[in-house]
Amino acid sequence: MRLAIVIMAGGKGTRLKSKRAKVIHEIGGKPLLRHVIDSARQVVPPSDIYVIVGHQAAAVEAAVKDTGVRFVQQEEQRGTGHAIQTAQQAVEEYEQILVLAGDVPLLKPDTITRLRDFHIEQRAAMTILTAAPPDPTGYGRVLRKKPDSPEVQAIIEQKALKPDQQRLPEINSSIYAFRAEPLFAHIGELKTDNAHGEYYLTDMAGILVSASERVVAIEAANPVEVLGANTIAEMMELDRELRLDTARRLMAKGVTILRPDTTVIDTNVEVGPATVIEPFVQLLGETKIGEDCRVRSYSVIENSTIADGVLIRQGCVIGNSRIAAGALIGPFTHVRPESDIGEGAHVGNFVETKKVKVGKGSKANHLTYLGDAEIGSGVNIGAGTITCNYDGVNKHRTLIGDGVFVGSDSTLVAPIVIGDGSYIAAGSTITEDVPPKALALGRARQTNKTDWAMTRRAKTSKA
Ligand code: UD1
Ligand code: CA
């Protein structure tokens, strides 16, 4: 059977009051539309997925282009029915068409296949996915021919509900299956005589029933899956659901999340068993954390890979970096992009790293900036060390060999090479390469003036 999935994503999202198109707003760290595409891709190949774009089409396409789906341009957005009319040319050769909404993001692949299978089994012209959430206000309602019949009479939009229909509990999810032939035979009959003067896809139910076609409904197992996101508040409600779901998935794999409701964990994050995530942690993007780690409160980790047995203390900010097994980070460490922290290394409080490789077992425990540098193994970087990587125009690299000891408050002016096993005296400004095993002193020699202080005090007390 030839089956296409059409995703409606052309609307403006007026109720969102946002400059950006609704379907590229993110929940769980991913645009709404990408959630829908990711579920659809589990059911059909991306070449059979047609996304209808209209409002801010270029930005919407750019946000999901890499998925390999096709796009249909809806130049003017004249309603959900008009959106499907626009897609007719692209999809009329398919036998069956599943229609999804770009702003209904929690839909699971299983529910899509249940809808498809029920639609085929019922030999229906149109099958509507429905739900009965605690508050149906705002949604179109599905009117069945009889309460326990699968057959539908019509879909009635919220604004067209008669007083005695206000309590109809079953909502239209805006997710449907259609047989292509009757859909396109009758889609020209849609009219705009409604509250918004638009072509409503919902009217296809009544039109097909009048044409003696079979229209049925199937209720989603979990109403949360079909909730739409028209306002920021609704979107954040779905965001919360999604993140709790992610937390539950991780906990089922043996991760301890102390207060799941306070953590912000993006959908694609992976965490190994026996790792503990403390309250108010954010794990974002494509972050992967190994086993037996602990991420303490207020740390934010984005697009980073953390190996096993790592301790991230409170308040660390880590982005686009890698941390090897057994390392100890923080508290209050800023690990900026392309940092590669070696096995068992310690990077402590108020240390900032960027484009740096820190070797096995090396330590930078306090108040340090390490940028554009390669640091060997077993190195000790004293408090207050700075790699001076920037001359105002270009960035330069610092290379520090194995077993080097850098005394506190040293400035290493790049480009510079510090040889294996060398020592840098505290307070040095190093501008020349240091040979292996040498001691480098780069500071003025101290002079002590005997009795100077005593003499001065004696002078001032006389005056
Ligand atoms: C729609 C349904 C309503 C249902 C609800 C479920 C209609 C008339 N109403 O209402 O019965 O309960 O969804 O969430 O269909 N879109 C286009 N082109 C357009 C207009 C919309 O692509 O010209 C897209 C939007 O980007 C959106 C989807 O279609 O992703 C739904 O449109 P929206 O305006 O949000 O419909 P609702 O008012 O929520
Ligand atoms: Ca909607």
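Residues numbered from 1 in each chain as written. Chains lettered and ligands numbered in written order. Predicted model: local features only at pLDDT ≥ 70, side-chain atom pairs only at ≥ 80, totals over all residues. Heavy atoms only, no water.

Draft legend 1. Region of the structure containing the side chain of His119. Tracing the chain through its elements places His119 in helix α4 (residues 109-121). Non-local contacts of His119, meaning those with residues more than four positions away in its chain, are made with Gln96, Ala124, Ala125, Met126, Thr127, Ala177, Phe178 and Arg179. (Helix = DSSP H or I, 4+ residues; strand = E, 2+ residues; numbered from the N terminus. Contact = heavy atoms within 4.5 Å.)

Draft legend 2. A look at the site of ligand 1. Around ligand 1 sit 23 residues, and of these Gly10, Gln74, Thr80, Glu157 and Asn172 come closest. Between an oxygen atom of ligand 1 and a main-chain N or O atom of Gly140, the distance comes to 2.9 Å. A total of 760 Å² of accessible area belongs to ligand 1 in isolation, and the protein chains cover 90% of it. Counting residues per element, the ones that place at least two in the shell around ligand 1 are β1 (3-9), α3 (80-91) and β10 (171-179). Sort the elements by how many residues they give to the shell around ligand 1 and β10 lands first, with 3 residues. (Near = heavy atom within 4 Å. Polar contact = N/O pair within 3.5 Å; in protein donor to acceptor, adjacent residues only side chain to side chain. Areas by Shrake-Rupley, 256 points an atom, 1.4 Å probe, with all protein chains shown as cover.)

Draft legend 3. Structural detail: the coordination of the calcium ion (ligand 2). Taken together, Asp103 (OD) and Asn230 (OD1) make up the protein donors of the calcium ion (ligand 2), found 2.2 to 2.5 Å from the metal. Linking Asp103 in the loop between β6 (96-101) and α4 with Asn230 in the loop between β11 (215-219) and α7 (232-252), this pair joins segments that are 127 residues apart in sequence. Looking at Asn230, the relative accessible area reads 17%, which means it is buried. (Donors = N, O, S within 2.8 Å, 3.2 Å for Na, K, Ca; no water. Buried < 20%, exposed > 50% of the residue type's maximum accessible area, 1.4 Å probe, protein only.)

Draft legend 4. Just the pairing of strand β9 (residues 152-156), in detail. With 4 of 5 residues buried, β9 is to be regarded as a mostly interior element. By the bridge criterion, 4 bridges tie strand β8 (residues 141-144) to β9 in an arrangement that is antiparallel. For Val142, the partnering residue across the bridge sits in β9 and is Ile155. (Pairing = 2+ DSSP bridges.)

Draft legend 5. Main features of unusual backbone geometry. Each neighbour pair has its own omega, and for Gly330 with Pro331 the value is 0°, a cis peptide bond. By the secondary structure assignment, Pro331 is in the loop between β24 (328-329) and β25 (334-335). In this model, Ala414 is joined to Pro415 through a cis peptide bond whose omega is 0°. Tracing the chain through its elements places Pro415 in the loop between β33 (411-413) and β34 (416-418).

Draft legend 6. Just the pattern of salt bridges, in detail. Scanning the entire structure with this criterion turns up 23 salt bridges. Between Arg116 and Asp117 there is a salt bridge; the shortest N-O distance is 2.9 Å. Judged by its relative accessible area of 39%, Asp117 is partly exposed. Put simply, Glu270 and Lys253 hold a salt bridge, and the shortest N to O gap is 3.0 Å. Taken together, the residues span a long stretch of sequence, with Glu270 in strand β14 (residues 270-271) and Lys253 in the loop between α7 and β12 (256-257) at a distance of 17 residues. (Salt bridge = Lys/Arg side-chain N within 4 Å of Asp/Glu carboxyl O.)

Draft legend 7. Spotlight on the environment of Val104. Within the secondary structure, Val104 is located in the loop between β6 and α4. Along the primary structure Val104 and Val23 are separated by 81 residues, whereas in three dimensions their C-alpha atoms are 9.2 Å apart. In this structure, Val104 is in contact with Val36, Ser173, Ile175, Glu225, Val226, Leu227 and Gly228, ignoring residues within four places of it in sequence.

Draft legend 8. Looking closely at the nonpolar core. If you look at the biggest cluster of nonpolar residues, it comprises 46 residues, and the most contacted ones within it are Leu283, Ile312, Ile323, Ile329, Ile375 and Ile418. Where this core is concerned, the elements lending two or more residues are α7, β27 (346-358), β28 (363-375) and β34. Look past the residues within four positions of Ile329 in its chain and what remains in contact with it is Leu311, Ile312, Arg313, Cys316, Ile318, Ile323, Val335, Ile341 and Val347. Counting 39 residues, the second largest nonpolar core, distinct from the first, contains Leu3, Val36, Ala177 and Ala220. (Core = buried A, V, L, I, M, F, W, Y, C linked by side-chain atoms within 4.5 Å.)

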